[in-house]
Amino acid sequence: MSEQLSYEIHKYSSYSTSYLPENIREDCPSNQTSRWSSNTNSPPQFLTLKLQRPAIVKTIKFGKYEKTHVCNLRKFKIFGGLEEDHMVLLFEGGLKNDSVPEIFTLRHTTDSGELLPVLFIQIMPLLSWGPSFNFSIWYVELQGQDDPIFVRTSLQNYNTLREVEIVRLCLKHFRQQGYESAFRCLQEQTNVLLEHPMMSSLHDALVIRGDFKETEKFMEQCVEDGLLDGYLSRQDYKASWELQDMAETENRPGMRGGHQLVIDTQNGVIYLYGGWDGFEDLSDLWCYSIKSNMWRLIHANSEKFDGPTPRSCHKMVFDPRSGQIFILGRYLDSSSRTKEHIKSEFYLYDTTHQSWLQICDDTSQVGGPQLIFDHQMCIDVDKQTIYVFGGRILTPRNIDDMSNDPQYSGLFSYHIATNMWTQLLVDCGHPSAAHFDVPSIKSRATHSMVFHHRHRKLYIFGGQRNKEHTTDFIAYDVDAGELNILNLDTTAAGEKNVPQSGFTQRATIDCDRDEIYVLSSLSREKERRDLNINSLWLYSLKLKEWTCIYKCDHSSENCCSNKNQTMCSEPCPRYAHQLVYDSTNRVHYLFGGNPGRNTLPQLRLDDFWVLRLEKPSRQQILRHCKYLIRRLEYEEITKSDPLKAVNYLQTRLHDIIDHKDPEELKEFHKLASLLFKCDDFQTENSSPLMTVPLGTNSAFLADKSASSAVATPSPSSSCSPSSSSASASSSAKVDLSFNMKNQRYLLFNKLVKLLPENMVQPKGNLSDFVLI
């Protein structure tokens, strides 16, 4: 059972005038001065709270002022520990800028599941809702358990865990330094195991006996048992683009931008409709068979078959249950924006019967959105609901009137079965948004939106509103009707590890992996055409962080020509293109777009690309492990039997290298030079093992600090006999033996980094705690 915990203000970074740290102990939402406020927003700013006694702190509650306030914490971190100089991260997040108190669950268990007692809690503000304003905290309440009898057991368990880790660090150090007697005595006295018995067997085979064949068999078994799968899953993706090879005379869609693609993953078919070819809007409907790699024209002019008129900047979604495609929106130039044309037509195409149906000639008359373009649509297949968000509203009057700002559409839902539209959120600029009971959102255009069917959330990223480019990341719970900001507007936060604003972004989602992919490309604004960059980003919903998979700079406009695309390894930067994702085979497809050529403003593209995101496979990591093992075995053989080493180099090592990897092939050719060296065995800093090529994925075994984990043991520290009367040759042999063992330790440390943490020796080193 949790109860409110008493605390005192132990330390603080600063405070402003009467906004004392002690104010956070009282909850007075109507009193604007009842808060702590820092006297600056320069980091680090903090409040350190000290509990009456060690406790298990489960939650923290933040009270707020009765109105929104620019000094509320938009981003903060919370640390905790038994000592104020040794605290761990308990929570990272932010407060909504409203008057509703918020409660957050703190980390209160260790990685092994034991309760984590703390005496100090430190709150570290990082950003306020007004970026240039100081930080304010109005009220803090801690909930948990500090009963001495209850906490005493947790303290004992926690201290026991710490003691075990200290012993394991000692055992690791003793074994690496060759203090065998000390290692055995400490292990017998404490009964603490350094690692899983399997790892001890690996150490014995590789480091002690130098049995490289057994080491290879061990790694083979580990890979087969899936023990390296966790390591592989943590590696970054490698993006691979492939241009679909199609003859120019083949029946296929022509050049265009502003078109739409949807994918039927069950049948392996991609549908394309409309777009702008540089001179006019199109109304052709195509389908592409993934299996046969062929396009087929369904309708050259869909309007002749009761379909939509020619259009671009529309949006489509595909319903896999019914096999139907829904189309909404379009762009109209100023000359066509008459009252007769400004209608939000809503169409359906039945892929089974290959027939069109106009569901509604104007959705704005039945509770839906007005005529919009550059909006986004998603479908909730389970509940047969379509969501439409954002986009510029076209009106016959004010879209080109510079005295009026453009209008933006809010969030709407359409229930397919009942043919009913509902407005869920209005744009913040709408007159009704001023009412407190009307939910609103800051709408935008050219944004991205995807739907996660298990999270039951819409994820909205980026976009443009007037001349403002944003990179805010929003989640909308469609069942609860709640909006949450997943990351801050990076312009305000000063963060850059997100897709850059002002680019044309295309997003897809993999619900099984909980990953969102964002492809950023060319800006469509003339003043930003110098940003000629393709970049691919991944947002992990599990880790709640962005990762850049790759960036590629295209400095030349020549690659933007269709004729030159066959010479490129990836699409040239563009906008008004389309991207779809086959979640079954985990493949992206990109078609067409506008390359933004100043000299050829009418130029559009018709190239069709396939994008695969791949992580290292089991076979790749096993091959790389074998390469490292055989390389070390070869180095040892060169010291004793050069002729045998030549044969080993030509057979065992030659068979395992990746001959398609130029870097690895280059290193392989250098290995022959070891046969002509007459010096002692290489030191750990000059060993080729430390500069071994990492193959096609640079994350493989990358650990430049591995050498620092193993110091070269001296002969006196070993159980091997040594005396001052030994001959020079005997001393050289002893040095050689130590150096060989040291190299085996380095390889052992590399291999165990691939295996689960609960099976291997501690990551840290005892020597890291000693500073001289």
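Just above sits the structure.
Since we're looking at a predicted model, the values are computed, not measured.

Colleague: Any chance you could break down helix α7 (residues 618-640) for me, citing the residues and the numbers?
Modeller: Taking 1.5 Å per residue, 23 residues should reach 33 Å; α7 reaches 34 Å between its end C-alpha atoms and fits that length. Along α7, 18 of the 23 residues are buried, which leaves the element largely enclosed by surrounding structure.

Colleague: For the side chain of T351, give the residues involved together with the corresponding values.
Modeller: With respect to the element layout, T351 can be found in the loop between β18 (346-350) and β19 (355-360). On the accessibility criterion, T351 (15% relative accessible area) is buried. Polar side-chain contacts of T351 include one of 2.5 Å to the backbone oxygen of G323. In this structure, T351 is in contact with Y271, F318, G323 and I325, ignoring residues within four places of it in sequence.

Colleague: Help me get a handle on the packing of helix α3 (residues 197-208) against helix α4 (residues 212-224), residues and values and all.
Modeller: Between two packed helices, both the angle of their axes relative to each other and the distance between the axes serve to describe the pair. Axis separation between α3 and α4 bottoms out at 8 Å; the angle between their running directions is 155°. The angle between α3 and α4 falls in the class roughly antiparallel. Remark: the crossing between α3 and α4 carries left-handed chirality. On α4, the residues that touch M198, M199, L202, A205 and L206 of α3 are F212, E214, T215, F218 and C222. By residue class, the composition of the contact of α3 with α4 is 8 nonpolar, 1 polar and 1 charged.

Colleague: Please set out unusual backbone geometry residue by residue, giving values where relevant.
Modeller: In this structure, P44 follows P43 across a cis peptide bond, with omega equal to -5°. Assignment of secondary structure puts P44 in the loop between β3 (36-37) and β4 (47-63). Its identity is not glycine, yet N419 carries a phi of approximately 55°, on the positive side. Exposure remark for N419: the relative accessible area of 41% places this residue in the partly exposed category.

Colleague: Which residues make up the environment of D472, and what values do they have?
Modeller: You can see D472 is positioned in the loop between β30 (468-469) and β31 (473-477). Each C-alpha atom, one on D472 and one on G462, is 5.6 Å from the other, the two residues being 10 residues apart in sequence. When near neighbours in sequence (up to four residues on either side) are disregarded, D472 contacts R444, I460, F461, G462 and N487. Polar side-chain contacts of D472 include one of 3.1 Å to the side chain of R444.

The rules behind these values
- Residues numbered from 1 in each chain as written.
- Predicted model: local features only at pLDDT ≥ 70, side-chain atom pairs only at ≥ 80, totals over all residues.
- Heavy atoms only, no water.
- Helix = DSSP H or I, 4+ residues; strand = E, 2+ residues; numbered from the N terminus.
- Expected span 1.5 Å × (residues − 1).
- Buried < 20%, exposed > 50% of the residue type's maximum accessible area, 1.4 Å probe, protein only.
- Polar contact = N/O pair within 3.5 Å; in protein donor to acceptor, adjacent residues only side chain to side chain.
- Contact = heavy atoms within 4.5 Å.
- Axes fitted to C-alpha atoms, helices over the stretch in contact; angles between N-to-C directions.
- Parallel < 35°, antiparallel > 145°, perpendicular 65-115°, else oblique.
- Left-handed = near helix turned anticlockwise from the far one by under 90°.
- Nonpolar A, V, L, I, M, F, W, Y, C, P; charged D, E, K, R; others polar.

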